[in-house]
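Chain and residue survey
For reference, the chains in residue letters:
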Amino acid sequence: MGPNLHSLLAAVAGFALLAAGRPTRSPGPCPPEAAELVAAAWRAYRTDSIPVAAERFARADRLCEDNFDAKVGLGYTHLRSDRVAAADSLFTLVTTRAPANGDAWDGLVLTRWRRGDPAGARAAALTALELHPDNAATKEILARIDPDWNRPPLGRRSRLTRLRVDARTRGDYFEVPGLVGWKRFYVNGVNLGVALPGKFPSEFPPDSLTYAGWLDTLSAMHANTLRLYTILPPSFYRAVLAWNRAHPARPFWLIHGVWTELPPEHDFNDPSWRDEFRQEMRRVVDLLHGSIEIPVRPGHAGGRYDADVSRWVLGYIIGREWEPYAVKEFDARHPSPAPYRGRYLSTRPGAAATDIWMAEQCDYLLGYEVDTWNTIRPIAYTNWPTLDPLTHITEATGKEESEWRRKVGRPLPRDPVEYENDAIGLDAMVIRATAANPAGWFASYHAYPYYPDFLLYDPAYNQASSSEGRSNYFGYLVDLKRHHAGIPLLLSEYGVPSSRGLAHLQPQGWHHGGHDEMAMAAIDARLTREIREAGAAGGIIFAWIDEWFKKNWIVIDYEIPLENTRQWHNVMDAEQNYGILGMYAGDGATTPVLGGDIARWRALAPYLADSTATAGQPGRVGIGADESYLYLSVELAGFAGRPFPGATQGQQVAIALDTYRADLGQVSLPGAALSGNVGFEFLALLGDTAASNLLVTPDYNPYASADVIVDGDDYGKFRHRPIVTRPRSDGRFDSLFVITNRARFTRDGRFIGAKGVNRGHLRYGTEAGSTLSDWYYDQATGTIELRLAWGLLNVSDPSTRTVLYEERDDGDIGTATTDGIRVGVAVLGRQRTPTDAWSVIGSLPKAEQGTWQRRRFPTWLWPAWTTPKHHQRLKPVYDSLKALWGEW
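What you are looking at is a predicted structure, and each value in this text was computed from that prediction instead of being measured.

Here's the deal with the overall build of the protein chain
Tallying secondary structure elements over the protein chain gives 20 helices and 43 strands in all. Relative to the compact-globule value of 29 Å for 888 residues, the protein chain shows a C-alpha radius of gyration of 32 Å, a close match. For the C-alpha atoms alone, the extent of the protein chain along its principal axes is close to 105 × 80 × 50 Å. In the protein chain, buried positions account for 59% of the 888 residues. For the protein chain, long-range pairs separated by at least 24 residues make up 71% of all intrachain contacts whose partners lie at least 6 apart in sequence. Surface exposure of the protein chain reaches about 33800 Å², of which carbon and sulfur atoms provide 52%.

Describing the nonpolar core
F236, Y237, W322 and Y473 are the most contacted members of the largest nonpolar core, which has 138 residues in total. Sorting elements by how many residues they give to this core places helix α13 (residues 353–373) first, with 11 residues. Excluding residues that lie within four positions of it along the chain, Y237 makes contacts with L228, T230, I231, L232, H256, L287, L288, Y305, A307 and V309. Judged by nonpolar contacts, the second largest core, of 90 residues, contains I560, Y629, A704 and L804.

Here's the deal with the pairing of strand β26 (residues 675–680)
Here strand β25 (residues 666–668) runs beside β26; their pairing, made up of 2 bridges, is antiparallel. Bridge pairing links S668 to S675 in β26. Counted along the chain from β25 to the antiparallel partner β26, the turn is 6 residues long, and its residue G671 has a positive phi close to 75 degrees. Note that β26 and strand β42 (residues 851–852) share 2 bridges and pair parallel. If you follow S675 over to β42, its bridge partner there is T851.

Describing the packing of helix α6 (residues 102–114) against helix α8 (residues 136–145)
It is at 10 Å that the axes of α6 and α8 come closest, and there the two elements cross at 35 degrees. Relative to α8, α6 is oriented so that their crossing is left-handed. Contacts from D106, V109, L110 and W113 in α6 reach T138, I141, R144 and I145 in α8. The residue inventory of the contact of α6 with α8, partitioned by class, reads 5 nonpolar, 1 polar and 2 charged.

Section: helix α2 (residues 32–46)
Given a rise of 1.5 Å per residue, 15 residues ought to cover 21 Å, and the 22 Å separating the end C-alpha atoms of α2 matches this to within 8%. The first or second residue beyond α2 is D48, which carries a positive phi of 65 degrees.

Looking at the pattern of salt bridges
The final tally for this structure, using the stated rule, is 52 salt bridges. A salt bridge links R115 to D88; its shortest N-O distance comes to 3.0 Å. Note that R115 is positioned in the loop between α6 and α7 (118–131) and D88 in helix α5 (residues 84–97), a separation of 27 residues in sequence. In this structure, D610 engages K846 in a salt bridge whose closest nitrogen and oxygen atoms are separated by 3.5 Å. One end of the pair, D610, is in the loop between β21 (605–609) and β22 (618–625); the other, K846, is in the loop between β41 (838–844) and β42, and 236 residues separate them in sequence. On the basis of relative accessible area, D610 is assigned to the buried category, the value being 15%. Salt bridges here are not isolated pairs; linked through shared partners, they connect E401, R405, R410, D711, D713 and R742.

A look at the sheet that holds strand β10 (residues 313–318)
Taken in spatial order, the 8 strands line up as β5-β6-β7-β10-β13-β15-β18-β19 and close into a barrel, and their pairing is parallel. For this sheet, the mean angle separating the axes of adjacent strands, direction not counted, is 25 degrees. For β10 and strand β13 (residues 379–383), the ladder comprises 3 bridges, and the chain directions are parallel. Bridge pairing in β13 links I318 to Y381. Packed on one face of the sheet, helix α18 (residues 517–533) meets β18 (489–494) and β19 (538–541) and runs near 170 degrees to β18.

A short note on unusual backbone geometry
Across the junction of F542 and A543, the peptide omega takes the value 10 degrees, indicating a cis bond. When you line up the elements, A543 lands in the loop between β19 and β20 (581–585). The omega torsion of the bond from R721 to P722 falls at -10 degrees, within 30 degrees of zero and hence cis. Among the structural elements, P722 can be located in the loop between β28 (692–696) and β29 (734–735). The residue D82 is not glycine, and still its phi comes out positive at about 65 degrees. D82 sits in the partly exposed class, given a relative accessible area of 41%.

Side note on the side chain of D388
Note that D388 resides in the loop between β13 and α14 (398–408). For the buried D388, no salt bridge exists, and the shortest N-O distance to an oppositely charged side chain is 8.6 Å, to R747. Separated by 3.0 Å, the side chains of D388 and H392 make a polar contact. Apart from residues lying up to four places away in sequence, D388 is in contact with N383, D422, I424, G425, L426, Y445, F454, Y476 and L480.

What to know about α7
Along its 14 residues, α7 runs 20 Å from first to last C-alpha, staying within 8% of the 20 Å computed at 1.5 Å per residue. G120, A121, A124, A125, A128 and L129 are the residues of α7 that are buried. The buried residues of α7 all sit within an arc of 160 degrees when viewed along its axis, so they share a single face. Opposite the buried face of α7, at more than 90 degrees from it, the exposed residues are A119 and E130. Elements that come into contact with the buried residues of α7 comprise α6 and α8.

Comments concerning the sheet that holds strand β3 (residues 173–177)
If you walk across this open sheet you meet the 3 strands as β2-β3-β4, and the pairing is antiparallel. Each end of this open sheet is capped by a strand with a single partner; those strands are β2 (168–170) and β4 (182–185). The mean angle between the axes of side-by-side strands here comes to 45 degrees, regardless of whether they run parallel or antiparallel.

Considerations on the environment of K550
Counting through the fold element by element, K550 comes out in the loop between β19 and β20. Between the C-alpha atom of K550 and that of N224, which follows or precedes it by 326 residues, the distance is 26 Å. Filtering out sequence-adjacent residues up to four positions away, K550 remains in contact with F542, E559, D573, E575 and Q576.

Details of the confidence of the model for the protein chain
In regions of low pLDDT, the predicted coordinates are not meant to be interpreted in detail. On average, residues of the protein chain score 92 in pLDDT, and 95% of them are at 70 or above. Counting contacts from residues 18–27, a segment whose pLDDT is below 50, to residues more than four positions away or on other chains yields 18 contacts.

A short note on the state of the cysteines
Across all of its chains, the model carries 1 disulfide by this definition. With its sulfur 1.8 Å from that of its partner, C30 forms a disulfide with C64. On the sign convention where negative is left-handed, the bridge of C30 and C64, at about -50 degrees about the S-S bond, is left-handed. With C30 in the loop between α1 (3–19) and α2 and C64 in the loop between α3 (50–63) and α4 (68–80), this pair connects stretches of sequence that are 34 residues apart. The partly exposed category is assigned to C30, whose relative accessible area is 27%. Given the relative accessible area of 7%, C64 is considered buried.

A short note on the packing of α4 against α5
Running from N to C, α4 and α5 point in directions that differ by 155 degrees, and their axes come no closer than 8 Å. Regarding the angle of α4 to α5, the classification is roughly antiparallel. Judged by the sense of rotation from one axis to the other, the crossing of α4 with α5 is left-handed. On α5, the residues touching F68, K71, V72, L74, G75, Y76, H78 and L79 of α4 are V84, A86, A87, L90, F91, L93, V94 and R97.

What counts, and where the lines are drawn
- Residues numbered from 1 in each chain as written.
- Predicted model: local features only at pLDDT ≥ 70, side-chain atom pairs only at ≥ 80, totals over all residues.
- Heavy atoms only, no water.
- Helix = DSSP H or I, 4+ residues; strand = E, 2+ residues; numbered from the N terminus.
- Rg over C-alpha atoms; globule rule 2.2 N^0.38 Å.
- Buried < 20%, exposed > 50% of the residue type's maximum accessible area, 1.4 Å probe, protein only.
- Contact = heavy atoms within 4.5 Å.
- Areas by Shrake-Rupley, 256 points an atom, 1.4 Å probe, with all protein chains shown as cover.
- Core = buried A, V, L, I, M, F, W, Y, C linked by side-chain atoms within 4.5 Å.
- Pairing = 2+ DSSP bridges.
- Axes fitted to C-alpha atoms, helices over the stretch in contact; angles between N-to-C directions.
- Left-handed = near helix turned anticlockwise from the far one by under 90°.
- Nonpolar A, V, L, I, M, F, W, Y, C, P; charged D, E, K, R; others polar.
- Expected span 1.5 Å × (residues − 1).
- Salt bridge = Lys/Arg side-chain N within 4 Å of Asp/Glu carboxyl O.
- Lys, Arg positive; Asp, Glu negative; His and termini not counted.
- Polar contact = N/O pair within 3.5 Å; in protein donor to acceptor, adjacent residues only side chain to side chain.
- Arc of directions from axis to C-beta.
- pLDDT = per-residue confidence, 0-100.
- Disulfide = S-S within 2.5 Å.
- Parallel < 35°, antiparallel > 145°, perpendicular 65-115°, else oblique.

If you want it as structure tokens, here you go:
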């Protein structure tokens, strides 16, 4: 029993304590001794003498079988002893035979809650509160089960007598009602993902206070639109209603999604799947009109939706990013479909099957809202460049690329990790609003500057420039807008992430990750300006917060178990770092900061120390960890006030890390006469502040090495298998190189070589200078500060101390639980010899005749966790967009 439940139990039982001083509610006479025993039992219960209380309640029960107060008291002692079933039986018996016994009903609330019966607990709580209306503990439990339990009954609102148009499209833009007539509305929007650290995407903040605070902050940023992917809790819509009523001149407009996954077997006409999708449409419509109670289901929000925010809904975007293979298969099943003629949307002759299906579903949603509420607004479906209707000369299909490779004699790619990005498309222009639809139709695209590759290579995009200079992204936007002339083009997702990890390179440096927060702010602001310059109807930046549960193609196979990604912040995962409101690991008051308060680094747990170390030798090593990083501090003896002994002095500092089993890994440092019987998986070499690196023993590198690129071709090789650490003594370590852009052939036969990055390059500097800094030297104290991302160290889940390790390649990537970390530090100097080897100036632990002994290495094991700690702050992108949107 946790402490919160323990206190609730004590509070609920407090009402039963009062019952000891009231006349018995038993139907028959009982001997006075029974009442005295009950009173004495409650006194013992109050002092936590549970066994004594239980014995006295039991004696009283034996003296008088109809003494329900004794049975209730005995039930509470059973609960305190975790005998929930026994307690439940007693409370059920009493509530059946004495329905007015409020103490028994209070107890029944607890037992049903403990037994995982929220419906039963809710029913018991409502009865209990009729008898004990002031019982705060029962109210708290009821609020956890049903936050809307004390709200007035949901009344069904009447359908309007005249059709109401809350927003509409006119030409290339949206319009909303003004004080007089209609006014153009340009979307400055934010995508509102709301999963806080440690939460799954369906675990939403339940309280209005959180949402109200976010709305205040977003309004100050001059955002005017919020985009929702799915149904949020009722408290969100109540917060929006309250905000908009209080700020009629600057309300938030909503663009609401209707979420679904792909249909079974890619059959969009699957009856049960389509019916569920349409049922979700009806839920969305009714909740926006504040007139539905949705049962809470696993993975979904629910409750009483009584906030009518419909007048501020700009439009709908249905579905998800549809996959090309699903669209391709569905179109192939229905090669010559008849055009769709709906009430509010229709398709042109020749429209493909999936285009027609999209029109039909959108028409269904519009029809439902008109029939139910006599209200209509613009609508679109989700699309992205992978399914755009344009043709891209540089984006070959798999079949086309294979043919070119055969012609020139290059090997066929092996399992490229991506889809075909120009094999098929969806075209919003084959759909038109009918004469009965005054709200209109628009196109919605998730479009980022770095992917697919045709954005990087198509000749027209490569030569395009906005008013601010060369921009492949602007070239694509102009092309996309040209195709969608006459209807609004909304960029409903765009942006770059502030992640250490980088997943795809882009010509202007607007990569998929690899940006510090200042660069992210500048890039996002420029993308925002170029979206407007290209003639779009607005843009919705992705995203409001960093969401730790998200996954990216380049790291997803190494985040194991996958359901635990929400428990830690992988700064190597670009998808987890798009937020305007950053979610950072650890406690903001104590987390070590590169170049910050040195006391935080000195507060790290002592790992090794040598009081006899002489000047320039490592004197003390500290170690710590949080949900993002492993932290190491190395104090150099006698170096306070002196510069870092790096490349300028012909020295370097080597920090060797053994992350799994001391008997496995590399035992020798490269180029230095230092080895031993501890095997290391990783080696950080800190020398030149511009060229320091983290290296990995070759067997343990999860990615193919840089030497797989021959003549620009990677032959489709991306991953290295098996991922294992083996005993080695050759001193070899590899770079942490990863291929981000695979080699490819274009449709016209041009070969484009592979590109990649060294993930192990360690950036020097303070965090104030760059949020991507990895290490810093505090000259005042002679201390090296180093933080290493868990994702660099093959830690697949730090919350459970899980690391990558597999004995053989049998399909799935293997993992193991680490026994801990061992750290060795050596200060090395360049010898003036023909071999130009490194000499050992000093080390921790101290080497014995050039040998490190395992017994001298402590094993440090970081604490696991089930609830991650985090702190938040706004990133600079908040200020860059605030200034830009404020100007507009």
